[in-house]
Amino acid sequence: MEDPRATPLGRQSVSPTRQENRRRNLRRWAPRGAALAVLGLAATGCASNDLTRLGMPEPITDQAERVLSLWQGSWVAAFAVGILVWGLIAWSIIFHRKRSEQLPPQVRYNMPIEALYTVLPIVIISVLFFFTARDQAILLDTDEPADVNIEVVAFQWAWQFNYLDDKKENGGEVLFSETGIPNPDGTADPSTQTTLVLPEGATVHFDLHSPDVIHSFWIPAFGFKMDVIPGRDNAFQADLQDDSEGEYIGRCAELCGVDHARMLFNVTVLPQDEYEAWAAEQREEASQAELEAAEIEGNESGDAESGAAEPTEDVESGEGSGAEGAGAGGAGTDEEGTGSGGSDAEENEQ
């Protein structure tokens with residue numbers, strides 16, 4: 001009589017004991033693998049805050065907080081997809097190893113699985129697109145009235161910051177300017193880099209302009225950068241947080257020429273009262289410089305007018321002197337000649 005435990009076609013059966021051992025090994029190694037993954041992620045950051053930011057700098061504006069949230073959400077979606085894929089791979093390796101030469105059941109033309117493979121990526125991309133478009137619209141919104149208006153002029157190879165009384169689109173006038181000086185040797189010197197001074201807790205409007213090539217205005221702590229394009233004035237706004245006081249860095253994020261590496265600038269965020277005192281001092285210096293320039297220009301124009309008038313007087317006086325001298329000399333000569341002629345006649349008569 002045939003043994004009922006025998007399998008057809010020589011198929012090997014797996015004993016319940018062996019299956020239990022596999023499950024036991026999986027339960028033992030799964031926590032260890034998860035702990036190893038967490039340890040690897042922890043090794044990428046110096047602190048828990050750095051780890052949660054996933055390489056992004058600490059934000060100092062409300063817009064940077066939004067960018068950070070979008071960045072973190074994208075990584076969560078990427079980790080979820082990765083864990084799902086890695087889990088399916090591990091499950092296939094552990095539970096579906098080759099046990100015989102028999103062809104395993106095939107799942108070709110399985111409509112539910114193929115629909116899942118098609119619909120799931122579309123859902124993921126649609127969700128990411130929605131949040132990206134929403135945050136981009138908020139980042140580019142410039143309708144809110146700003147406390148500080150700054151025109152950023154990027155040129156080869158330094159930065160100029162013009163502090164305005166209003167937005168450029170509203171005809172803002174320059175109150176004072178801060179301009180960087182490129183080093184002749186092409187190196188970056190912090191002492192010659194211009195400094196962008198901002199007040200904490202304020203809404204700052206930036207108008208971007210370039211007279212030569214494409215640059216990119218980037219303050220990493222803003223979590224946002226924008227191209228500075230010749231012939232096109234871009235603009236954005238940043239809402240600085242109340243606890244954002246400190247020193248930061250800025251740079252050009254677009255390869256703009258041979259000395260692109262030295263297009264750096266400093267960023268200083270001051271408390272509101274200190275910023276107002278600094279701005280008042282800068283306006284006073286700008287007004288004094290304008291007065292001195294006007295005086296110099298007035299003196300130069302006055303010297304030019306007096307220089308043009310003096311030669312005319314000299315010419316007139318010279319002409320008069322010459323005419324008078326010539327007339328006097330001629331008259332004297334004639335009289336003397338006449339007199340001498342008369343004397344000669346008297347002598348002849350005698």
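Structure shown above.
Not measured: the values here are computed from a predicted model.

**Q** Explain the overall build of the chain here, please?
**A** Regarding its fold elements, the chain presents 5 helices and 10 strands. The proportion of buried residues among the 350 residues of the chain is 25%. In the chain, the share of contacts with a sequence separation of at least 24, taken over all contacts with a separation of at least 6, comes to 65%. Here the chain has roughly 23300 Å² of accessible surface; of this, 58% comes from carbon and sulfur atoms.

**Q** I keep staring at the sheet that holds strand β1 (residues 148–155) and nothing clicks. Help me out?
**A** Strand pairing in a sheet relies on backbone hydrogen bonds. The paired strands run either parallel or antiparallel. Taken together, the 5 strands give an open sheet; going across it, the order is β3-β2-β1-β5-β8, and neighbouring strands pair in mixed fashion. Edge strands, defined here as strands with exactly one partner in the open sheet, are β3 (174–179) and β8 (234–239). Strand-to-strand twist across the sheet, computed as the mean angle between neighbouring axes with direction ignored, equals 25 degrees. Judged from the 6 bridges that link them, β1 and strand β5 (residues 203–209) form a sheet pairing that is parallel. Bridging from a neighbouring strand, Glu 151 pairs with Asp 207 of β5.

**Q** What is the right way to look at the packing of helix α3 (residues 62–95) against helix α4 (residues 111–139) in this model?
**A** How two helices pack is summed up by the angle between their axes together with the distance between the axes. In contact at an axis separation of 10 Å, α3 and α4 are set at 175 degrees when each is read in the N-to-C sense. Compared by their axis directions, α3 and α4 come out roughly antiparallel. Across from Gln 63, Arg 66, Val 67, Leu 70, Ser 74, Val 81 and Leu 84 in α3, the residues of α4 making contact are Leu 120, Ile 124, Leu 128, Phe 131, Thr 132, Arg 134, Asp 135, Ile 138 and Leu 139. In the contact of α3 with α4, the residues fall into 10 nonpolar, 3 polar and 3 charged.

**Q** Would you mind showing me how to read the sheet that holds strand β4 (residues 195–199) here?
**A** Across the sheet, 5 strands lie side by side as β4-β10-β9-β6-β7; this open sheet has mixed pairing. Edge positions in the open sheet fall to β4 and β7 (224–228), since each of these has one partner strand only. Within this sheet the neighbouring strands show an average axis-to-axis angle of 25 degrees, counted without direction. With 5 bridges joining them, strand β6 (residues 215–219) and β7 adopt antiparallel strand pairing. Its bridge partner lying in β7, Ile 219 is registered against Phe 224.

**Q** Honestly, the nonpolar core in this entry has me stumped. Any pointers?
**A** Nonpolar side chains tend toward joint burial in soluble globular proteins. Formed by 41 residues in total, the largest nonpolar core has its most connected members in Ile 150, Tyr 163, Leu 196, Phe 206 and Phe 217. Not counting residues within four places of it along the chain, the set of residues in contact with Leu 196 comprises Ile 150, Phe 161, Tyr 163, Phe 206, Phe 217, Ile 219, Phe 265, Asn 266, Val 267 and Thr 268.

**Q** What's the story with α3 in this structure? I'm lost.
**A** Since one α-helical turn is 3.6 residues long, residues separated by three or four positions face the same way. Here α3 contains 34 residues, and its C-alpha end-to-end distance of 49 Å stays within 8% of the 50 Å for a straight helix at 1.5 Å per residue. Along α3, the residues classified as buried are Gln 63, Ala 64, Val 67, Leu 68 and Gly 82.

Definitions and limits used
Residues numbered from 1 in each chain as written. Predicted model: local features only at pLDDT ≥ 70, side-chain atom pairs only at ≥ 80, totals over all residues. Heavy atoms only, no water. Helix = DSSP H or I, 4+ residues; strand = E, 2+ residues; numbered from the N terminus. Buried < 20%, exposed > 50% of the residue type's maximum accessible area, 1.4 Å probe, protein only. Contact = heavy atoms within 4.5 Å. Areas by Shrake-Rupley, 256 points an atom, 1.4 Å probe, with all protein chains shown as cover. Pairing = 2+ DSSP bridges. Axes fitted to C-alpha atoms, helices over the stretch in contact; angles between N-to-C directions. Parallel < 35°, antiparallel > 145°, perpendicular 65-115°, else oblique. Nonpolar A, V, L, I, M, F, W, Y, C, P; charged D, E, K, R; others polar. Core = buried A, V, L, I, M, F, W, Y, C linked by side-chain atoms within 4.5 Å. Expected span 1.5 Å × (residues − 1).

These results come straight from atomic positions and should not be treated as a statement about function.
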